[in-house]
Amino acid sequence: MSTNDEKEELESAEESFADLFEKSFSAQTRLEPGQKIDAKIMKISGDWIFLDTGRKGEGVLEKKELLNADGEVTVKEGETITTWFLGMVNNELRFTTKLGSGAAGKSQLEDAWRNGIPVDGHVEKEVKGGFEVKISGSTRAFCPYSQIAMRRLDNAADVIGKHLSFRITEYGENGRNLVLSHRAILEEEAAKQKEAQKEILKEGMTVRGTITSIRDFGAFVSIGSIEGLLPISELGWTRVKDVSEVLSVGQNVEVVVKQIDWEHDRISFSLKDTLADPWDNVAANYPEGSFHGGQVARLAQFGAFVTLASGIDGLIHISKLGAGKRINHPREVLKEGETVEVKIESVDRENRRLSLSLAEVSRAVEEEERTIEDFRRSSAESATKTMGTLGDLLKAKLEKTKK
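Residues numbered from 1 in each chain as written. Predicted model: local features only at pLDDT ≥ 70, side-chain atom pairs only at ≥ 80, totals over all residues. Heavy atoms only, no water.

Notes on the sheet that holds strand β19 (residues 339–348)
The 5 strands lie next to each other as β16-β17-β18-β20-β19, forming a closed barrel whose pairing is mixed. Taking the axes of each pair of neighbouring strands and ignoring which way they run, one obtains an average angle of 50 degrees across the sheet. Relative to strand β20 (residues 353–358), β19 runs antiparallel, the two being bridged by 6 bridges. Counterpart to Val347 in the pairing with β20 is Leu354. (Pairing = 2+ DSSP bridges. Helix = DSSP H or I, 4+ residues; strand = E, 2+ residues; numbered from the N terminus. Axes fitted to C-alpha atoms, helices over the stretch in contact; angles between N-to-C directions.)

In structure tokens, the structure reads:
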């Protein structure tokens, strides 16, 4: 074989390999309608958003899909979004984040069902078991109560007339029987936000949240897509019996992240940790031996707890309640809610304990002790005076004898 023949054969082989490679690459990158991809926003201009899909040629997306109620764009250049490929239109790769409210054929709705493409819907009215929703202009669909929100709605009228995004969860009777879920969209968004929150949310951080529900044991607080528990014991430095007396649903609060357990999706908050600790100045405000007014907060077998100020409780031991007499329970002397005057017997700042006694009893004891002390002192002085007179007599008699 001549040199020229070898050269032509080599070039032919290279061309064949190049063709095969190009075909293989094209096959790998060819998009199918309904295919889901993450695309980077290259430019926002006019009515269109231009996308970098990581493939040959840029994609386009209608800007109106990403406008909020005020007509403002909700994304920015450089951001990555999730899209679905619709097909080629005028040699452009067309994408969507959801099927709009305009007319859409049954094939598009079926593609949306098969590929999980969100669809826009208008909640028309409440029907048995849920809501009637109109999608793609005139197509009627059904959304069960359990799929309209993350939690049960208190008032169904809150969603009537709203435009929401849905997933088609059931496609039957050639598109005549459609079941939707708005909850699926919310859960996906919550999952994304949760992943983002994992990177920034740390124990000890102070965050702002909203009270979503109230229970006997505390309240649930939402911070974005994450919800956690604010236990009743963390509402404040004072003892709280009824959460609803302190908080209300919809109230905005500032709380400290107390504990995070991502594995079990449990987060706890503290409102108490955002407040000044009343025990910081307890020694100065309640020195030993001082008298103060308080309210009987709770009676126990071993004594009575008295609230002196918000977050400052002390204990009167049962042994100091009977005025010297033995009693079986503090209720024989006091009752809850009663206002009393107490004396500070001792202060234990480290263990947050105040030992108290009833002021009336303490004063009686002190008065008795003063009376006894006065009697003893008087007796001693009298004895001393008497002995002094006798000494004088003896001295005078001795001097007389010497004479």
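Quick notes on the sheet that holds strand β3 (residues 59–62)
As summarised here, the arrangement of the 5 strands in space is β1-β2-β3-β5-β4, forming a closed barrel in which the pairing is mixed. For this sheet, the mean inter-axis angle between neighbouring strands, taken without regard to orientation, is 55 degrees. Here strand β1 (residues 36–45) pairs with strand β2 (residues 48–52) via 5 bridges, running antiparallel. Note on β2: the bridge partner recorded for Ile41 is Leu51.

Overview of the packing of aromatic side chains
With the rule as written, the count across this model stands at 5 aromatic pairs. Ring centres of Phe85 and Phe95 lie 5.4 Å apart, and the angle between their planes is 55 degrees; this geometry places the pair in the tilted category. In this pair, Phe85 sits in strand β4 (residues 80–89) while Phe95 sits in strand β5 (residues 92–96), placing the two residues 10 residues apart along the sequence. On the basis of relative accessibility, which here comes to 2%, the residue Phe95 falls in the buried class. Taking 5.5 Å as the distance between ring centres and 15 degrees as the angle between the ring planes, the aromatic pair formed by Trp113 and Tyr171 counts as stacked. You can see Trp113 sitting in helix α2 (residues 106–115) and its partner Tyr171 sitting in strand β9 (residues 163–172), a full 58 residues away along the chain. Its relative accessible area of 29% is what places Trp113 among the partly exposed residues. A cation over a ring is seen here: Lys272 above Trp237, with NZ or CZ 5.0 Å from the ring centre. (Phe/Tyr/Trp six-rings, centres within 6.5 Å; stacked < 30°, edge-to-face > 60°. Buried < 20%, exposed > 50% of the residue type's maximum accessible area, 1.4 Å probe, protein only. Lys NZ or Arg CZ within 6 Å of the ring centre and 35° of its normal.)

Description of unusual backbone geometry
Phi is positive for Asp265, which is not a glycine, with a value near 55 degrees. In this structure, Asp265 sits in the loop between β14 (252–261) and β15 (266–270). One non-glycine residue with positive phi stands out, namely Arg352, at about 55 degrees. If you trace the backbone, Arg352 turns up in the loop between β19 and β20. Classification of Arg352 by relative accessible area gives partly exposed; the value is 31%.

Quick notes on helix α3 (residues 183–200)
Structurally, the α-helix is built with 3.6 residues per turn, so residues lying three or four positions apart point the same way. Here α3 is 18 residues long and its end C-alpha atoms lie 26 Å apart, about the 26 Å a rise of 1.5 Å per residue gives. Turning to α3, its buried residues number three or more, namely Ala184, Ile185, Ala190 and Gln197. Buried residues in α3 make contact with β9, β10 (177–181), β12 (218–223) and β13 (226–231). (Expected span 1.5 Å × (residues − 1). Contact = heavy atoms within 4.5 Å.)

Side note on the pattern of salt bridges
The final tally for this structure, using the stated rule, is 13 salt bridges. Salt-bridge contacts for Glu227 lead to Arg151; the nearest nitrogen and oxygen are separated by 2.6 Å. Within this pair, whereas Glu227 is found in strand β13, its partner Arg151 is found in the loop between β8 (139–144) and β9, the two being separated by 76 residues in sequence. As a salt-bridge pair, Arg349 and Asp280 come within 3.1 Å of each other at their nearest N and O atoms. With a gap of 69 residues between them, Arg349 in the loop between β19 and β20 and Asp280 in the loop between β15 and α4 (282–285) connect regions that are remote in the sequence. Classification of Arg349 by relative accessible area gives partly exposed; the value is 31%. Judged by its relative accessible area of 52%, Asp280 falls in the exposed class. The network of salt bridges with common partners includes Asp277, Asp280, Arg349 and Arg352. (Salt bridge = Lys/Arg side-chain N within 4 Å of Asp/Glu carboxyl O.)

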